Each structure stands twice: as C-alpha cells, then as structure tokens.
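In case you want the letters, here they are:
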Amino acid sequence: MPSAREMRLRIRRVGNIAQVTRALQAVSASRVRRAQQAAMATRPYATQAWAVLQHLSSQPGRNAVHPLLMDREQVRHRLVAIVSGDRGLAGAYNINVVRYAMDSFRDSSEPVGYVIVGRKGRDLVSRLRVDIRADFAGLPAEPKFADVSAIGRLLVEEYLQGRTDQVYVVYTSFVNLLRQVPTSKKLLPLELAGGERVDAHAGGRSGAAASYIYEPGEAELIEEIVPRFTALQIYQAIQESLASEHAARMVAMQNATENANALRDGLRLEYNKARQQAITGDILDIVGGAEALGG
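Residues numbered from 1 in each chain as written. Predicted model: local features only at pLDDT ≥ 70, side-chain atom pairs only at ≥ 80, totals over all residues. Heavy atoms only, no water.

J.: Break down the overall build of the chain for me, citing the residues and quoting the values.
T.: Per the secondary structure count, the chain includes five helices and five strands. Mapped in sequence order, the helices and strands of the chain form the string α-β-α-β-α-β-α-β-β-α. Out of the 295 residues in the chain, the part that is buried amounts to 38%. Pairs at least 24 residues apart make up 76% of the contacts formed inside the chain by residues separated by at least 6 positions. When the accessible surface of the chain is totalled, it reaches about 16,700 Å², and 52% of it is carbon and sulfur. (Helix = DSSP H or I, 4+ residues; strand = E, 2+ residues; numbered from the N terminus. Buried < 20%, exposed > 50% of the residue type's maximum accessible area, 1.4 Å probe, protein only. Contact = heavy atoms within 4.5 Å. Areas by Shrake-Rupley, 256 points an atom, 1.4 Å probe, with all protein chains shown as cover.)

Okay, here's the thing in structure tokens:
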C-alpha cells in the first residue's frame with residue numbers, strides 16, 4: 001500500500017491535470033463559438049456563388065463549357081482531400097475522419113491519391129502506405145480564404161492537367177456541440193442542381209430560356225467563378241472541420257475533467273481511510289500501553 005506522502009502527491013498531480021483540462025475546455029468553448037460563426041458567415045456567399053454558377057452553366061447558346069464542369073468519359077484516377085486537425089486532445093475526431101475516408105474509397109477500382117490537410121491526419125495516413133500527393137499543415141487558428149486558396153488551386157490544377165478525373169473532399173460537418181459527422185463531398189467535376197451534369201458531348205438544353213448579356217463576358221465570368229468556387233468549397237469544409245474539432249476537444253476535455261475529479265475524490269477517500277486506520281491503530285496502541293502500565 002502506498003504511503004500517505006505518495007497518496008498526497010498523487011492527489012495533487014491529479015488535481016493539476018484537472019486544472020489543465022478545465023482550462024483547455026474553456027479555451028475550446030470560446031473557439032468553437034468563433035469557428036461556428038465563421039462557418040455560418042461563409043454560407044451565404046457560397047450559396048450566392050453557387051446560384052451564379054448554376055445560372056452561367058445553364059445559359060443557352062454558349063460556345064464552350066468550362067473544363068471543371070464537364071464529365072469525363074472514363075474515370076482512371078480519384079483524388080481525395082482529407083481535412084483533419086493539427087493538434088490532438090480532441091477525442092476520436094482525427095481518427096474518425098481518416099477512418100471514414102479510408103472506408104469510403106477502400107473498394108475503389110481506380111487508383112486513389114490523397115491530399116492531407118492537418119498534421120494529425122498526415123501522421124495517421126502516412127502509416128497506411130497510400131499515395132499522398134501533398135499535405136498542408138500549420139494553418140492559422142482562424143484561417144482566411146487566402147490561407148487555404150493554395151489547396152483549391154492544387155486540386156484544380158491536378159484535375160485540369162488530367163492527373164485525376166474526380167476530386168472529393170472528406171471533412172467533419174458540424175451539427176452541434178455533441179454531434180459532428182464525417183462527410184464526403186464531390187468537388188470536381190462540379191454538379192448542377194438536382195444532380196444534373198454538364199455533358200461535354202450533349203447539345204443545348206431543350207425548351208425556351210432567357211438570354212442574358214454579361215460584362216465583361218460569359219466565358220470570363222465562368223473562368224473566374226468556377227475555380228474560385230472550388231476553393232470556396234475547401235474553405236467552407238475547413239471552417240466546418242475547425243468548429244467540429246473545437247467542439248470535440250471541448251467535450252473530450254470536459255470528460256477528462258470529470259474523470260480527473262472523480263479519480264481525485266476516490267484517492268482522497270482512500271487517503272482518509274488509510275489515515276483513519278493509522279489513527280485508530282495509534283489510539284489502540286496507546287490504550288493498550290496504558291492498560292499494561294495500569295495492570
């Protein structure tokens with residue numbers, strides 16, 4: 001049985017751990033609110049950009065279709081961007097998103113390459129001996145669009161250069177503080193509403209449709225909006241993942257604090273019992289000695 005001094009030291013260590021986890025819980029609670037607000041703030045812009053893109057893509061009489069909107073006849077390669085975190089202490093957050101990505105594309109008949117966002121995801125995926133095309137670690141705590149635009153440019157370039165035929169992003173969708181869902185979304189080629197696609201070999205759509213005049217021009221607008229919208233989708237996925245990461249870390253640290261407090265209470269109970277037994281033993285020794293002297 002450990003000595004009283006050892007038990008006191010252990011109680012103090014567990015109390016220090018509880019203080020650290022409680023502080024991390026408070027920090028994550030503050031950050032998850034900001035991350036949730038940032039994720040919500042990007043949704044209106046993403047919705048409007050998508051509406052403009054749909055409008056441009058469905059116009060009659062256009063001369064060409066943007067390459068990012070065209071289906072390819074044969075899919076020979078897929079590229080998957082996995083969004084994870086740079087830090088741990090978030091429960092199973094990083095493991096869940098990596099496992100979901102691996103399970104989703106394990107049975108793919110075509111080769112699959114991976115672009116990893118986040119240091120923890122990179123460390124996990126690198127052990128699986130898969131094709132890692134690139135990794136991005138060390139993003140700011142509150143990333144701006146310019147901080148993640150390089151990821152979107154890489155995915156677009158891989159697709160336009162013909163090195164991949166489909167691009168997906170796997171991230172963690174933020175539902176609420178207690179529920180975060182790993183999600184897979186197809187980025188390229190871009191899909192129109194209702195699952196409609198722009199077919200490179202199909203003619204114009206049937207039926208009457210309104211005609212519009214664009215300034216500087218339809219081709220210039222499509223050339224600018226389509227790659228930017230792809231990067232915006234990556235930015236939105238990272239914002240959702242950040243909110244999910246902070247929520248997962250807050251819950252994990254809350255559970256860790258509760259467990260540390262329960263362990264500390266149990267140790268105190270054991271310490272008090274041992275101390276009481278020692279005191280009782282000392283009293284019995286004193287009483288026994290007094291009776292022996294009195295006899």
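J.: A description of the nonpolar core should follow, citing residues and the corresponding values.
T.: Leu-155, Val-169, Leu-188 and Ile-238 are the most contacted members of the largest nonpolar core, which has 36 residues in total. Listed by contribution, the elements that provide at least two residues to this core are α1 (4–57), β1 (78–83), β2 (112–117), α4 (145–160), β4 (166–176), β5 (179–188) and α5 (218–294). It is α5 that provides the largest number of residues to this core, a total of eleven residues. Ignoring sequence-local partners within four residues, the contact set of Val-169 consists of Ala-81, Val-83, Thr-183, Ser-184, Lys-185, Leu-187, Ile-234 and Ala-237. (Core = buried A, V, L, I, M, F, W, Y, C linked by side-chain atoms within 4.5 Å.)

J.: Any details on the pattern of salt bridges? Residues and values, ideally.
T.: What the rule picks out here adds up to eleven salt bridges. For Arg-163, the salt bridge is made with Glu-157, and the minimal N-O distance between the two is 3.9 Å. Arg-163 gets classed as partly exposed once you look at its relative accessible area, which sits at 38%. In the salt-bridge network here, residues are joined through shared partners; they are Asp-131, Arg-133, Glu-157, Glu-158 and Arg-163. (Salt bridge = Lys/Arg side-chain N within 4 Å of Asp/Glu carboxyl O.)

J.: How would you sum up a positive patch on the surface? Please name residues and give values.
T.: On the surface, Arg-5, Arg-8, Arg-12, Arg-13 and Arg-275 cluster together to form a positively charged patch. Examining the composition of the positive patch, we find that four residues originate from one element, α1, more than from any other. Structurally, the position occupied by Arg-12 is in helix α1. Given a relative accessible area of 55%, Arg-12 falls into the exposed group. (Patch = residues over 30% accessible without salt bridge, like charges linked within 9 Å, V, L, I, M, F, W, Y side chains within 5 Å. Lys, Arg positive; Asp, Glu negative; His and termini not counted. Charge placed at Lys NZ, Arg CZ, Asp CG, Glu CD.)

J.: Tell me about the side chain of Gln-239, residues and numbers included.
T.: When you line up the elements, Gln-239 lands in helix α5. A relative accessible area of 4% means that Gln-239 is categorised as buried. Those residues in contact with Gln-239, other than ones at most four positions away along the chain, are Ala-35, Ala-38, Ala-39 and Pro-143.

J.: Help me get a handle on a nonpolar patch on the surface, residues and values and all.
T.: A contiguous nonpolar patch, built from Ile-279, Ile-283 and Val-287 and spanning about 230 Å² of accessible area, is present on the exposed surface. Within the secondary structure layout, Ile-279 lies in helix α5. What makes Ile-279 partly exposed here is its relative accessible area of 33%.

J.: With reference to specific residues and values, describe the environment of Gln-37.
T.: Note on placement: Gln-37 falls in helix α1. Given the relative accessible area of 56%, Gln-37 is considered exposed. Here the alpha-carbon distance between Gln-37 and Ala-243, two residues 206 residues apart in the chain, equals 8.9 Å.

J.: Run through unusual backbone geometry, naming residues and quoting values.
T.: Each neighbour pair has its own omega, and for Leu-188 with Pro-189 the value is -5°, a cis peptide bond. Tracing the backbone through its elements, the reader meets Pro-189 in the loop between β5 and α5. A positive phi angle, close to 60°, is found at Leu-89, a residue other than glycine. Considering the arrangement of structural elements, one finds Leu-89 in the loop between β1 and α2 (93–105). A relative accessible area of 57% means that Leu-89 is categorised as exposed.

J.: Describe α2, with residues and values.
T.: Between its first and last C-alpha, α2 extends 19 Å over 13 residues, near the 18 Å set by a 1.5 Å rise per residue. Listed as buried for α2 are Tyr-93, Asn-94, Val-97, Val-98, Ala-101, Met-102 and Phe-105. For α2, the angular spread of buried residues about the axis comes to 160°, placing them on one side. (Expected span 1.5 Å × (residues − 1). Arc of directions from axis to C-beta.)

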